[in-house]
Amino acid sequence: MSENQLPKPEETTEQTPEIPEDALQGLLSRFGPGFGELLNAGPHRAKRNQKVQQLLSDIRAMGDEMRQLQGLIELCDYFNMSMEELLAGFPIDQFVPSLVELLNYEHNPDIMLITTRALSYMIESIPKSTKLIVQNNAVPIFCNRLMFIQYIDVAEQTLQILGKISTDHYKSVLEAGGLVAVLTYLDFFGTSTQRASVATAANLCRNVEPQNFELVAAVLPLLTNLLLHSDSKIVESAILCFQRLTKSFKKNASQMAAIAAEGLVDSCLQLLTGSAPVGTVERPGIILSILQVVCVQQPDQIIKVLEGGIGPILRNFLQCDDQGTTPTPNNSSLVGLLAFADKIFPSLPPERTPITVKRDRYVIPQPLTDSPMEASQHEKILTENFALFESFAQCVYGPVKETFSANIDTAVRSQCLSVIMKIVYFIPEEQLVPLLKDMGTSTFVANLLQSNRFSYIATAVRLADILLEKMPTIFTKYFTREGAAFGIDRLASPSYLEGGESLDENTKYVKNWIYCEAQTLKAKYFSSTDENETVFATDELKKLVKVLKQLKENNDLSSQKELLETIAEMLICEGGISVFEFLRSGAAESLLEYLTATIDFPKLEERWELFATVMEAGEHSRDPLQALITLLQKSLSQGEKFVILLNDNKGPGSGVKFLAKPFKLKLGRAPDETVLSDFSSNVVGIEPLASVGAVEKFLWDKIQPAVDPIEENDELVIEDNDLDSNDFEEFAEDSEHVLEVQPPQALRASGCLQNRNSENSTPKRLQFYYNGVPLAPSDNIFRILQHEFNKNLSILRTDNVGNVTPAQRLWNTEHQLTYKRTLIASSSNENEKPLKDPILLNNRTMMQYFMENGLAFDFNLPVPDDVKCILKFLKFLHAFVSVWKPTSEVVREKRKENDRRCDLLVNKITLKLSQQLQDTLILCCGELPPWCEFVTRCCSFLLPFDIRRQYFTCTRLGIARALHCLQQVCPPEKGAEQFQVGRIHRQKVRVSRSHILRCVFRVMELYGRSKAVLEVEFFDEAGTGLGPTLEFFTLVSHQLQRSDLGMWCFDKTYHIPSEDNINLDTTGQQKMKPENPLQVEGPFEYVSNKGGLFPRPVRESDSNASFIRKMFQLFGVVAGKAILDERMLDIHLSLPFYKWFVGKALEMSDLEIVYPEIAKSLIEFKQVDKIYREALESCTDKTKEEIQDSIRFRDCSIGDLCLTFVLPSNPDWELKENGKDISVTLDNLHEYIELVIDTLLVSGVRMQMEAFRKGFQSVLPISSLCCFSVSELDAMLCGWTPNSKEYWETHAILDAIECDHQYNINSLPVQYFAAALNLLSDEEKRNFLFFLTGSPRLPIGGFKSLHPRLTVVRKDTEGLPDNYLPSVMTCVNYVKLPAYSSPEITSNQIKRAISEGLSSFHLS
């Protein structure tokens, strides 16, 4: 991409250009109503009228065709050049009849063509003219021209004008034979004209009346063939034709039969399966709606639909692919998919129909008569073709049930229940038993019975009745085990009817109906003299309770092992332990108490070893630990009642339109305020995202004692600096200014990296209150109102689904803030609590530290005790499998084979959080329900990384980025109305490639803490956008690894020749290197460490301490900016670095990563110290000197090592006062070990890490990263290295590629390209990524996570493609690939392009 430079201003001349009258007319009209008419008066208007009359006279000059043609040409020019205001009085009633008459000049094609063009321009300029054109019978003439084509130009122009007329007058065009006319000779035209023709046909298919069906029937074969056209635009218009036709004739069976008779069903199925020439379509719901209408009116077509494989098609649409390759349908699409599945089956009898809610009233369908109804044609078809319907049910039953559990939209859930009820009712018992096996139907019914929605409870009662009636033996047993019987018993209890005094009559009726039906079911299937034995107690439950009791009471390890073996067998046996039995037995509480009881730690480790041996290393057919985790996950999914707050009723992101509407706000004086004026008589319109500070700025001058009267309905206009300084800084317009960072001025002598935002606190003159609560100046109005609204909701204990937060109501009422004077000063900068230094675990293990500090929750969320226990158990298991290190070699090997951390994810909570983050209004006001923060902060292991990253972006990086993230996750539907609330500000800078380190100081000083996205360009290079920006961050990260800076401990150095910049003086000699490292211009030596970089110990008194501190502070700002802007740094930091950064505990294993040799010696020292202290305690028959002489370290005594209290890596660093003179002995060896570890990991790097924290904190709060592990932080900051081989597999690359411009994914050059990337060496992979994106690392997720996506297009070549190199556009990850003839040539040319294209950005 060429760089965007502002043009230089041109020199002006003395000559004044002539301004056209029409241009002046348009300019005046922009000043407001009435200004545009200034030129309509007087001589100007008369002149134009004279011109128009002359044109009319020319057109009417019969017999003089040359004059007529010239008049038509001038008329076209007049329409093209005139503004809308000039045409306000144009006499179309005089021109149209004359122009229509000229359409019949068949002997003169030029006149026909220009006349048609003039009419087209007239419609564009004066839309109301279409009515006159239709009234003057021009449409039949146009249709005739298309039916008998003599001149192709005239026909194309005619198609264009018919397309414009058909928008409003589709009925007139259709009745004139327009549908046949626009489609008959479709193949004669080019692709663009064909698209316009079929789009016109789609207009003509709207609201077709029955008497006009014959006009449609003639083109049905043509329209059906167009469904299989190779052009996607034509196919979309053809689909739209059939959608409108089926909508028009959905109640007419004979006409629907004619529509479907030409192969419509077969064509639709091909489009759904992707076997059509155009492939799959973007909106399959439209095709399914067509098939749905066809199947309703023509039940015999259902067989053809089922035979065409509609079951697997629906299953694929309903299921969300784990890899994200199958997009999740939005709710409106889901309703369409489920409605189609519902229509596959006949209608249910009223007594078996699900209970619904219509107009806020519950509807319980009842039979109209007691006599059985005659079977419909649909039911007869089902009876005759049970195998097809059974196969369809097998495909959709599971996905429909999962859709119900995963979605909270009431319309979607109602359709799900209808489909489930029909499958269970219509499929015979013999086929239903294998269908429902392992589907969790009993659990599904049990969960419905526990719902707080009466419609779900009533539907569950009817569903249970059907299942028990068909299969009483099976479902009596499983209803008991899964808790459905318990739910029925609860509903049948008289206590269920208590507390209903406040309910309306309709709700009382439904509740009473549920009670009566539950009593009937209980009496029929679960009656017993001993109620508890039948309904609640199973053999498995009794056995589990007994074993858990023995485990609690028995302290013998061998007995405990036997009991754990029994539990393991119960977990993995066929049928296992149900969720209901698991919860009723108290298994979670008992096992958690057994594994975490407050006894001495060695005893706990013995129990853990025993538990791991039985659950992980035992000889079992299945994995007992995995079975236990699955039970805990299901128990949590069933027990939690986290509510999703919804405002976007029309789909994700739809609520953004409300943010464009102002709130109605009244500003009233507080009762105790006597000096200021009262402003409460006025209504202010205020932007929802405006801050309280903006309100004060608006109000202050209006309420002082001597203030002029203010008009009512005054509107508050918010300026950029009035918006929330934390969240809305990025809403400013994109800056056109490009900062050019000149190297000599890049680093100032003082004040570098000072916080430019730390301005003096602004005086706050007013204190505002809402409902008595004081407001901060940075609060935005929407957040205040939403917070108060949410306080009145029980968002934790209500039903776990439902639209409980209709925040749109906030726009329908007036709100009042009160104010009074204050002398408090406010500051826009809120300082976070400083993080503590990481704890160094000298004598404790990480698991012991976790048990002491990490098991308890530091977030007070009022959840039920059983749910809290399950969460705590899962948290313990996460530490158990990821932190605790077993001594059993068998367990260690098993853990290498299976990383159980991924097994702890809970899909239901993940889906809930994902759906909550799709609500625009909740995101913008920042009032997410508290469970979101609880789960992400305290139980982040329950959520996959992607959803935690989305939560972080949506809640910590500002509203503009949250909305951008929402648009990526849920892109708006095609054709949907767009609302622009705000956009991310972008700041461009231009830097010198040869002075990167000096430039970055200046750039980060100015914009490091800004929420604007930084875009970097290099001097003398044409590249701009994403590629140069990524390379800038890469080059900065390289500069920070220079050995001459003295920042890191390292074990190896290396050079990057492509980045060396050796400046020569005029004589050709290399310049002398300056003393200041920032002025060195290369070549540079860079450092690396096998375990990752970690700060080199530095003392405050060292001469370079100030410089090192400043460099680490700069690094912190760069790191924060990289995460904020989603850029990557090419630097290998050690995990201990990240642990220090976020304040996690450090241990000896961290020292092994950074200083492996020192750590090895210290571990041996610790063993020697342990032996020495144990000998002192146990060997009473030996003197201390004898014990010391007997203890050896590598065949010598500690004294022989001649160690003193100095740092091993730096002999000049004394670990304690006069350390050089203090020898290390067995008596002080323990102190020496602790001092070395503390110096290398904590105290010696405190200054550097605090500076890094300070720099990072100035960009982002460190506490916001608490939901990520240290390895995930590394991946966020530095991406994933090319060594991640799974991302470089050929199939993975092909899955991530988008093809265009003559290529598709099956094109041989694209296949060669993917195979060539797979065969690159690690270094070549780094260089390719650098060449493609500007960064040598991949984001998390590999190529498929690149934004924009990796696109491969064909590169046109003048000669043999094998002689040309591929080129890239780094700003959009765009590869222009010649059509190479072999894999070998592809590989060689890619490698050559990489080597020649690195280190600069120029036009390709």
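Described in the following lines is the structure provided in the data block. (Residues numbered from 1 in each chain as written. Predicted model: local features only at pLDDT ≥ 70, side-chain atom pairs only at ≥ 80, totals over all residues. Heavy atoms only, no water.)

1. Comments concerning the overall build of the protein
Line of reasoning, step 1. Each helix and strand counted, the protein has 60 helices and 22 strands in total.
Line of reasoning, step 2. Per-residue burial for the protein yields a buried fraction of 51% across its 1404 residues.
Line of reasoning, step 3. Of the contacts made within the protein by residues no fewer than 6 positions apart, 75% connect residues no fewer than 24 positions apart. (Helix = DSSP H or I, 4+ residues; strand = E, 2+ residues; numbered from the N terminus. Buried < 20%, exposed > 50% of the residue type's maximum accessible area, 1.4 Å probe, protein only. Contact = heavy atoms within 4.5 Å.)

2. Side note on the packing of aromatic side chains
Line of reasoning, step 1. Summed over all chains, the structure comprises 46 aromatic pairs.
Line of reasoning, step 2. Between Tyr-362 and Phe-454, the ring centres sit 6.0 Å apart and the planes meet at 80 degrees, which makes this aromatic pair edge-to-face. Placement of Tyr-362 in strand 2 (residues 361-363) and of Phe-454 in helix 26 (residues 454-470) is noted, with a sequence separation of 92 residues between them.
Line of reasoning, step 3. The structure contains a cluster of three or more aromatic residues connected by ring pairs, namely Trp-1048, Phe-1112, Phe-1115, Phe-1137, Tyr-1138, Phe-1141, Phe-1252 and Phe-1256.
Line of reasoning, step 4. The side chain of Arg-413 reaches across the aromatic face of Phe-404, ending 4.0 Å from its centre. (Phe/Tyr/Trp six-rings, centres within 6.5 Å; stacked < 30°, edge-to-face > 60°. Lys NZ or Arg CZ within 6 Å of the ring centre and 35° of its normal.)

3. Considerations on the pairing of strand 20 (residues 1351-1354)
Line of reasoning, step 1. Note that strand 19 (residues 1298-1300) and strand 20 share 3 bridges and pair parallel. In the sheet register, Cys-1299 faces strand 20, and the bridge partner there is Val-1352.
Line of reasoning, step 2. Both strand 20 and strand 22 (residues 1374-1377) contribute to a ladder of 4 bridges, which runs parallel. Considered in strand 22, the bridge of Thr-1351 is made with Tyr-1374. (Pairing = 2+ DSSP bridges.)

4. Thoughts on the layout of surface pockets
Line of reasoning, step 1. Reported here for the second largest pocket is a volume of approximately 850 Å³.
Line of reasoning, step 2. Along the wall of the second largest pocket there are 28 residues; nearest its centre are Asn-842, Asn-843, Arg-844, Thr-845 and Lys-1166.
Line of reasoning, step 3. The leading source of residues in the lining of the second largest pocket is helix 52 (residues 1156-1178), at 8 residues.
Line of reasoning, step 4. Split into classes, the residues belonging to the lining of the second largest pocket amount to 9 nonpolar, 7 polar and 12 charged. (1 Å grid on protein atoms, 1.4 Å probe; cavity = no way out; pocket = protein on both sides within 12 Å on 5 of 7 lines; lining within 4 Å. Points joined across faces, edges and corners; volume = space filled by probe spheres on them. Nonpolar A, V, L, I, M, F, W, Y, C, P; charged D, E, K, R; others polar.)

5. Points about empty space enclosed by the protein
A probe as big as a water molecule, rolled over the atoms, marks out the empty space that is left.
Line of reasoning, step 1. Counted according to the given criterion, the structure contains 7 cavities of 30 Å³ or more.
Line of reasoning, step 2. The calculated volume of the largest cavity comes to roughly 60 Å³.
Line of reasoning, step 3. Considering the residues around the largest cavity, the lining is formed by Phe-1313, Phe-1328, Phe-1331, Pro-1366, Ser-1367, Val-1368, Val-1375, Ile-1390, Ala-1393 and Ile-1394.
Line of reasoning, step 4. Sorting the residues of the lining of the largest cavity by element identifies helix 59 (1322-1333), strand 21 (1367-1369) and helix 60 (1383-1397) as the ones contributing at least two each.

6. Some words on the packing of helix 20 (residues 331-344) against helix 23 (residues 410-426)
Line of reasoning, step 1. Taken N-terminus to C-terminus, the directions of helix 20 and helix 23 make an angle of 20 degrees; their axes are 9 Å apart at the nearest point. Judged by the angle between their axes, helix 20 and helix 23 are roughly parallel. Every pair of crossing elements has a handedness; the one defined by helix 20 and helix 23 is left-handed. Counting all contacts with helix 20, which are made through Asn-331, Leu-334, Val-335, Leu-338, Ala-339, Ala-341 and Asp-342, the residues of helix 23 involved are Ala-411, Val-412, Gln-415, Cys-416, Ser-418, Val-419 and Lys-422. (Axes fitted to C-alpha atoms, helices over the stretch in contact; angles between N-to-C directions. Parallel < 35°, antiparallel > 145°, perpendicular 65-115°, else oblique. Left-handed = near helix turned anticlockwise from the far one by under 90°.)

7. Focus: the sheet that holds strand 19
Line of reasoning, step 1. Taken together, 4 strands build an open sheet; the order of strands is 19-20-22-21 and the sheet is mixed. With one partner strand each, in any of the chains shown, strand 19 and strand 21 form the two edges of the open sheet. With direction set aside, neighbouring strand axes in the sheet form an average angle of 25 degrees.
Line of reasoning, step 2. Looking at chain direction, strand 21 and strand 22 are connected through 3 bridges and run antiparallel. If you follow Met-1369 over to strand 22, its bridge partner there is Tyr-1374.

8. Topic: a negative patch on the surface
Line of reasoning, step 1. Where like charges cluster on the molecular surface, the negative patch consists of Asp-1181, Glu-1185, Glu-1186 and Asp-1189.
Line of reasoning, step 2. Relative to the elements of secondary structure, Glu-1185 occurs in helix 53 (residues 1184-1190). (Patch = residues over 30% accessible without salt bridge, like charges linked within 9 Å, V, L, I, M, F, W, Y side chains within 5 Å. Areas by Shrake-Rupley, 256 points an atom, 1.4 Å probe, with all protein chains shown as cover. Salt bridge = Lys/Arg side-chain N within 4 Å of Asp/Glu carboxyl O. Lys, Arg positive; Asp, Glu negative; His and termini not counted. Charge placed at Lys NZ, Arg CZ, Asp CG, Glu CD.)

9. As for the sheet that holds strand 9 (residues 814-821)
Line of reasoning, step 1. The strand order 4-3-9-7-8 describes an open sheet built from 5 strands, whose pairing is mixed. Bordering the open sheet on either side are strand 4 (684-686) and strand 8 (773-774), each of which pairs with just one other strand.
Line of reasoning, step 2. In terms of strand pairing, strand 3 (residues 663-669) meets strand 4 through 3 bridges, oriented antiparallel. Note that in strand 4 the partner of Phe-663 across the bridge is Ile-686.
Line of reasoning, step 3. Running at roughly 115 degrees to strand 7 (residues 766-770), helix 37 (residues 692-703) makes contact with strand 3, strand 4, strand 7 and strand 9 of the sheet.

10. Focus: the environment of Leu-1093
Line of reasoning, step 1. Mapped onto the fold, Leu-1093 is located in the loop between strand 15 (1086-1088) and strand 16 (1094-1095).
Line of reasoning, step 2. Expressed as a C-alpha distance, the spacing of Leu-1093 and Trp-1048, which sit 45 residues apart in the sequence, is 6.2 Å.
Line of reasoning, step 3. Look past the residues within four positions of Leu-1093 in its chain and what remains in contact with it is Gln-1041, Trp-1048, Cys-1049, Val-1087, Ser-1088, Ile-1131, His-1132, Leu-1133, Ser-1134 and Phe-1137.

11. So, the nonpolar core
Line of reasoning, step 1. Core analysis: the largest hydrophobic core is formed by 165 residues, its most contacted members being Phe-90, Phe-95, Ile-310, Phe-345 and Ile-514.
Line of reasoning, step 2. With 11 residues, the top contributor of residues to this core is helix 26.
Line of reasoning, step 3. Those residues within four positions of Ile-310 in sequence are excluded, and the remaining contacts are Leu-269, Leu-272, Leu-288, Val-305, Phe-340 and Phe-392.
Line of reasoning, step 4. In terms of nonpolar packing, the next biggest core, distinct from the first, is built from 100 residues, Phe-1001, Phe-1112, Trp-1140 and Leu-1207 among them. (Core = buried A, V, L, I, M, F, W, Y, C linked by side-chain atoms within 4.5 Å.)

12. Considerations on the packing of helix 20 against helix 22 (residues 386-406)
Line of reasoning, step 1. Contact geometry of helix 20 with helix 22 gives a least axis separation of 11 Å together with a crossing angle of 145 degrees. For the pair helix 20 and helix 22, the sense of crossing is left-handed. Two secondary-structure elements touch here, helix 20 through Leu-334, Leu-338, Ala-341 and Ile-344 and helix 22 through Phe-389, Phe-392, Val-400 and Thr-403.
Line of reasoning, step 2. For the contact of helix 20 with helix 22, the per-class residue count stands at 7 nonpolar, 1 polar and no charged.

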